[in-house]
Amino acid sequence: MSLQADTVRVDLGARSYDVEIASGLIGQAGQRILPHLRRKKLAIVSDRTVAGHHLAALGASLDAAGIAHDSLILEPGEATKDWANLARVCEWLLSQNIERRDLVIALGGGVIGDLVGFSCAILRRGVRFVQVPTSLLAQVDSSVGGKTGINTAQGKNLIGAFHQPSLVLADIDVLSTLPARDLLSGYGEVVKYGLLGDAAFFDWLEAQGPALAKGDAAARHYAVLRSVQMKAGIVARDETEEGERALLNLGHTFCHALEKATGYSDRLLHGEGVAIGCALAFELSQRMGLCAQESPSRVRAHLKAMRMKTDLADIPGDLPGAEALLALMGQDKKVIDGKLRFILARGIGAAFVAEDVPRDLVLSVLNDGIRGRAPQK
Ligand code: GLY
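Here the structure is a predicted model, which is why all the values come from computation and not from measurement. (Residues numbered from 1 in each chain as written. Predicted model: local features only at pLDDT ≥ 70, side-chain atom pairs only at ≥ 80, totals over all residues. Heavy atoms only, no water.)

Draft legend 1. Quick look at the site of the ligand. Taken together, Asp141, Lys147, Lys231, Glu241, Arg245 and Leu248 form the complete shell of residues around the ligand. Between the ligand and Asp141 there is a distance of 3.0 Å, counted from a nitrogen atom to a side-chain nitrogen or oxygen. Measuring from an oxygen atom of the ligand, one finds a side-chain N or O atom of Lys147 at 2.9 Å. Within the complex, 89% of the 200 Å² of free accessible area of the ligand lies under protein. Looking at the shell around the ligand residue by residue, the class counts come to one nonpolar, no polar and five charged. (Near = heavy atom within 4 Å. Polar contact = N/O pair within 3.5 Å; in protein donor to acceptor, adjacent residues only side chain to side chain. Areas by Shrake-Rupley, 256 points an atom, 1.4 Å probe, with all protein chains shown as cover. Nonpolar A, V, L, I, M, F, W, Y, C, P; charged D, E, K, R; others polar.)

Draft legend 2. Summary view of the pattern of salt bridges. Under the counting rule described, the total for this entry stands at 28 salt bridges. Of the charged contacts in the structure, one is a salt bridge between Arg32 and Glu20, with a shortest N-O distance of 2.4 Å. Of this pair, Arg32 sits in helix 1 (residues 29-33) while Glu20 sits in strand 2 (residues 17-22), and the two are 12 residues apart along the sequence. In this structure Arg32 comes out as partly exposed when scored by relative accessible area, which is 24%. Overall, the relative accessible area of 11% leaves Glu20 in the buried class. (Salt bridge = Lys/Arg side-chain N within 4 Å of Asp/Glu carboxyl O. Helix = DSSP H or I, 4+ residues; strand = E, 2+ residues; numbered from the N terminus. Buried < 20%, exposed > 50% of the residue type's maximum accessible area, 1.4 Å probe, protein only.)

Draft legend 3. Structural context of the side chain of Gln164. Its location among the elements puts Gln164 in the loop between strand 8 (155-162) and strand 9 (167-171). Of the polar contacts made by the side chain of Gln164, one reaches the backbone oxygen of Gly145; its length is 2.8 Å. Side chain to side chain, Gln164 and Glu239 meet in a polar contact 2.9 Å long.

Draft legend 4. Here's a closer look at helix 7 (residues 199-214). Over its 16 residues, helix 7 runs 23 Å from end to end, which matches the ideal 22 Å to within 8%, given 1.5 Å per residue. When the local axis directions of helix 7 are compared, the greatest deviation, roughly 55 degrees, occurs at Gln208, which is followed within four positions by the proline Pro210. All of the buried residues in helix 7 are Phe201, Phe202, Trp204, Leu205, Gly209 and Leu212. Against the buried residues of helix 7 lie helix 6 (180-197), helix 8 (217-237) and helix 11 (294-305). Among the residues of helix 7, the N-terminal cap falls to Asp198, whose side-chain oxygen and the backbone nitrogen of Ala200 are separated by 3.2 Å. Immediately beyond the C-terminal end of helix 7, within one or two residues, lies Gly215, with a positive phi of roughly 120 degrees. (Expected span 1.5 Å × (residues − 1). Bend = angle between axes of the 7 residues up to and from the residue. Contact = heavy atoms within 4.5 Å.)

Draft legend 5. Layout of the packing of helix 9 (residues 252-261) against helix 12 (residues 322-329). Their axes nearest at 8 Å, the elements helix 9 and helix 12 cross at an angle of 110 degrees. The pairing of helix 9 with helix 12 is recorded here as roughly perpendicular in orientation. For the pair helix 9 and helix 12, contact is made by Thr253, Phe254, Ala257, Leu258, Lys260 and Ala261 and by Leu325, Leu328 and Met329, respectively. Across the contact of helix 9 with helix 12, the residue classes tally to seven nonpolar, one polar and one charged. (Axes fitted to C-alpha atoms, helices over the stretch in contact; angles between N-to-C directions. Parallel < 35°, antiparallel > 145°, perpendicular 65-115°, else oblique.)

Draft legend 6. Highlighting the nonpolar core. Among the nonpolar cores identified, the biggest contains 102 residues, and Ile33 and Ile105 are the most heavily contacted of them. Grouped together as the second largest cluster of nonpolar side chains are 22 residues, Ile98, Val104, Ala121 and Val127 included. (Core = buried A, V, L, I, M, F, W, Y, C linked by side-chain atoms within 4.5 Å.)

Draft legend 7. Region of the structure containing the packing of aromatic side chains. Going through the model one piece at a time under the given rule, you end up with four aromatic pairs. Between Phe254 and Phe342, the aromatic rings sit 5.2 Å apart at their centres with planes inclined by 50 degrees, giving tilted as the arrangement. In this pair, Phe254 is assigned in helix 9 and Phe342 in strand 10 (residues 342-345), connecting sequence segments 88 residues apart. Each member of the pair, Phe254 as well as Phe342, carries the same accessibility label: buried. A connected cluster of aromatic rings, assembled from ring pairs, spans Phe201, Trp204 and Tyr222. One cation-aromatic arrangement involves Arg346 over Phe352; the distance from NZ or CZ to the ring centre is 3.8 Å. (Phe/Tyr/Trp six-rings, centres within 6.5 Å; stacked < 30°, edge-to-face > 60°. Lys NZ or Arg CZ within 6 Å of the ring centre and 35° of its normal.)

Draft legend 8. Quick peek at unusual backbone geometry. Even without glycine at this site, Arg125 takes up a positive phi of about 60 degrees. Relative to the assigned elements, Arg125 resides in the loop between helix 4 (110-122) and strand 6 (128-133). According to the relative accessible area criterion, Arg125 is exposed, its value standing at 75%. Even without a glycine there, the phi angle at Arg307 is positive, about 60 degrees.

Draft legend 9. Just the pairing of strand 3 (residues 41-47), in detail. Within strand 3, six of the seven residues are buried, which leaves the element mostly enclosed by the surrounding structure. Bridge count for strand 3 against strand 4 (residues 68-74) is seven bridges, and the pairing is parallel. Residue pairing across strands places Ile44 opposite Ser71, the latter belonging to strand 4. Crossover connection from strand 3 via helix 2 (residues 48-64) to parallel strand 4: handedness right-handed. Sheet topology places strand 3 next to strand 5 (residues 103-108); five bridges connect them, and they run parallel. The partner of Ile44 across the bridge, within strand 5, is Ile105. (Pairing = 2+ DSSP bridges. Right-handed = clockwise from strand over helix to strand, strands pointing away.)

And the structure:
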């Protein structure tokens, strides 16, 4: 583990790019972006909260490198990832005379990254962009791999495109500006990497996770680095999710149903749903005889040790019954020919794609989770 700058290459032929991970990267953004520019001008899109914390430092760094820039500041929150803001970003970029060979910076978390990435995918049939992810979730997951899109009334991310960034700058220092709940929500995606493919990383998280949550910069750096290394490897082998990339959806089938059931509200943040979803996926795996009882117990013990939402009982307010939750899973993008697919595991670090999972077992896992719910006050 070290505090030096690390670079992870996402190897995609002509569309390859670097993910740089270090403290203080926003202050060096100008120098790091300069080699990617064909003229010294770019546009920044951010949200009000993130801009309040980081836009001045980014602007100063671009000024120092002699790069002209203007910015569009949107409202924070998931609701911003919609058609209206897609139009607004595209029209603003056109009004800024952003050309195909220019760069756009997405400064923010997953919402800004997805919205700006999709705007760039369709603007002039493809404009290049740089991701400067400012949430843990965006640093370890959404800023890497080129999934971009918006939400519609029918569901999340149903309109989108694969459009890879030209560079990702993951500044570890920005994590200290996050509310504790947002940081822990992003940590749900970090745990996912250990669970899906690296048991030694999960061991490390069990030991170092509490220090990471308290602010240990070296632990945060290593957790982001290892997560990005894993994601970069998977994306390089399966960019458009024909196979292995689906493993990144560990916990997500349950999560998407729970997010829908809670109205995409503050009751459940995405990463919290991923954490609960991972615990449920391991429980389902154990009931199918795929992994030992020890595995779901370890997953839950670690989430609890991190004071994270772990069980359905940890979601405030009412949830629909098991059948209704199962029906919500049916709308998931991963449904193929009407059959539910789950990412299950043969143990910690050994996830795989399972087709034809017995419906009764899914219902029993959900029912037991729901029965375990504490009475609501
Ligand atoms: N967030 C899952 C993926 O990028 O494939």
